[in-house]
Amino acid sequence: MKELKLSDFLNSVIEKNPCEKIFHQSVAEVASSIIPFINNHARYRNYKLLQSIVEPERAILFKVPWKDDLGRLQINKGYRVEMSSALGPYKGGLRFHPSVNLDSLKFLAFEQIFKNSLTSLPLGSGKGGSDFDPKGKTENEIMKFCQSFMIELHRYIGSSIDVPAGDIGVGGREIGFLFGQYSRLTKNKKGGALTGKGFGWGGSILRPEATGYGVVYFTDALLSARNNSIQGKRVAVSGFGNVAWGATKKATELGAKVITLSGPDGYVYDPDGVQGDKIDYMLELRQSNEDIIQPYAKKYGAKFYPNKRPWEVKADIAIPCAIQNEMDENDAKNIIQNKYLCVVEGANMPCTLGAIKMFNKAKIPHTPGKASNAGGVSVSGLEMVQNSIHLRWTHEEIDQRLKLIMNNIHDTCEKYGKANDGYIDYTKGANIGGFVRIADAMIQQGLV
């Protein structure tokens, strides 16, 4: 079979999926690593594996009607992209944000394939959500929306079919509303159809912190491989949501100092470190639904930089935790000039392709979100196990399992991404490592 050409493959993806630029970007980043690997391994070259992986098994679009507190009818779009089930039931979060559309969800579901594969847990890939904006909505309005959203979604999910979790705009409160409606509609109280649930009714300890904890465990594994550690390091973090909160908690616990947080309105610089009640205040900010970080600066006397990103600050480690494409070439230039030790993605694809190329050229280790932010889905997978065996593990047990999974993901990235000069291309390693497991499953199952 003739070799697969990157340009031909990408052109075919663009032709079949026009106007989906974020999805195109994600596929290009993955394919640039995997196609040379496929061409060098006859086992994978004899099947159209990559061509199959980029096609969702099912993409669902539905209307979500609901009434606001003034009795006015509101209409939003709901989505669920069920990308791949070769490794297990579809697994991935729900995102409520105005930016949600089919393009963004296909990108997230595609990334989720490799992330879930890297965990070594039996998890397929999916992603969903709505263009509903929780910002400025009352709790009653959020509940009404979640109930209407689940009226349609419940037809497609279940513990052995598709198991959604939370994401941007979907925290414990929203999962509670969604699960309550799911239970009413299906009479199923076992809890396995959603993860991120409250601890008292089927949720797992550490699930809210899991993604951020995992990012920090991955960071420490990266530094340990270079005879270093996170202890004593200054960390620049973006965002102030769940991932940033968890990363700040664990980094502080391991002896690092988080000196920045950010929001859509700008970033704050706190040279004393985000610690103690400052970390708790991050939860208050998120629960306010205002989506701004400036109140932190006012409360704690930190410096606020409006409409700017934190990557100009001198630090040792960058952990972008906000949203895709938040770190571009100009930010990469600042990070390189300030001699950061590494850039570890906490969000999904927060670095542009141009920024990643600059990091690799400068030999600054950069890790893709599909590897370093896999802690959230890992603990979701552990929550599924606990639900199925009706057993609740302790804080220490979950934390140990999470750390082991993140260390194993790091080792997989190192195995497939290490160059002859010793430099580790973590993106290449994550892409190939994730691909090998799902490709083997697809060949064995005859899915292609």
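Preceding this paragraph is the structure being described.
Residues numbered from 1 in each chain as written. Predicted model: local features only at pLDDT ≥ 70, side-chain atom pairs only at ≥ 80, totals over all residues. Heavy atoms only, no water.

### As for the overall build of the protein chain
Check the secondary structure of the protein chain and you find 17 helices and twelve strands. Within the protein chain, residue pairs in contact and separated by at least 24 positions form 72% of the contacts whose partners lie at least 6 positions apart. Total accessible area on the protein chain stands at roughly 18400 Å², and carbon and sulfur atoms take up 50% of it. If you average the places of the 56 positive and of the 47 negative side-chain charges in the protein chain, the two averages end up 2 Å apart. (Helix = DSSP H or I, 4+ residues; strand = E, 2+ residues; numbered from the N terminus. Contact = heavy atoms within 4.5 Å. Areas by Shrake-Rupley, 256 points an atom, 1.4 Å probe, with all protein chains shown as cover. Lys, Arg positive; Asp, Glu negative; His and termini not counted. Charge placed at Lys NZ, Arg CZ, Asp CG, Glu CD.)

### What to know about the pattern of salt bridges
Counted by the stated rule, this structure contains 22 salt bridges. The salt bridge partner of Asp162 is Arg80, with a shortest N-O separation of 2.7 Å. Pair noted here: Asp162 is in strand E5 (residues 162-165) and Arg80 is in strand E2 (residues 73-84), with a separation of 82 residues, a long-range link. Summarising the burial analysis for this pair, Asp162 and Arg80 share the class buried. Taking the shortest distance from any N to any O, the salt bridge between Lys363 and Asp421 comes out at 3.2 Å. Highlighted residues: Lys363 in the loop between helix H13 (353-361) and strand E12 (366-367) and Asp421 in the loop between helix H16 (395-417) and helix H17 (426-445), separated in sequence by 58 residues. The exposure class assigned to Lys363 is partly exposed, which follows from its relative accessible area of 45%. (Salt bridge = Lys/Arg side-chain N within 4 Å of Asp/Glu carboxyl O. Buried < 20%, exposed > 50% of the residue type's maximum accessible area, 1.4 Å probe, protein only.)

### Observations concerning unusual backbone geometry
Here the phi dihedral of Leu206 falls at roughly 75°; this positive angle occurs in a residue that is not glycine. Overall, Leu206 belongs to the buried group, its relative accessible area being 4%. Phi at Asn227 is positive, roughly 55°, even though this residue is not glycine. Structurally, the position occupied by Asn227 is in the loop between helix H8 (210-224) and strand E6 (234-237).

### Digging into the packing of aromatic side chains
For the coordinates displayed, the defined rule picks out 18 aromatic pairs. Here the aromatic rings of Phe96 and Phe145 are separated by 5.1 Å at their centres, their planes lie at 90°, and the arrangement is edge-to-face. Placement of the pair is Phe96 in strand E3 (residues 90-96) and Phe145 in helix H6 (residues 139-153), with a sequence separation of 49 residues. Judged by its relative accessible area of 1%, Phe96 falls in the buried class. What makes Phe145 buried here is its relative accessible area of 0%. For the ring pair Phe110 and Phe114, a centre distance of 5.3 Å and an interplane angle of 75° mean the geometry is edge-to-face. Of this pair, Phe110 and Phe114 are both found in helix H5 (residues 102-118), four residues apart, which corresponds to roughly one turn of the helix. The pair formed by Phe110 and Phe114 is uniform in burial state, with each residue classed as buried. Chaining the aromatic ring pairs together yields one cluster made of Phe62, Trp66, Phe96, Phe132, Phe145 and Phe149. Above the plane of the ring of Tyr281 lies Lys299, whose end atom (NZ or CZ) is 5.3 Å from the centre. (Phe/Tyr/Trp six-rings, centres within 6.5 Å; stacked < 30°, edge-to-face > 60°. Lys NZ or Arg CZ within 6 Å of the ring centre and 35° of its normal.)

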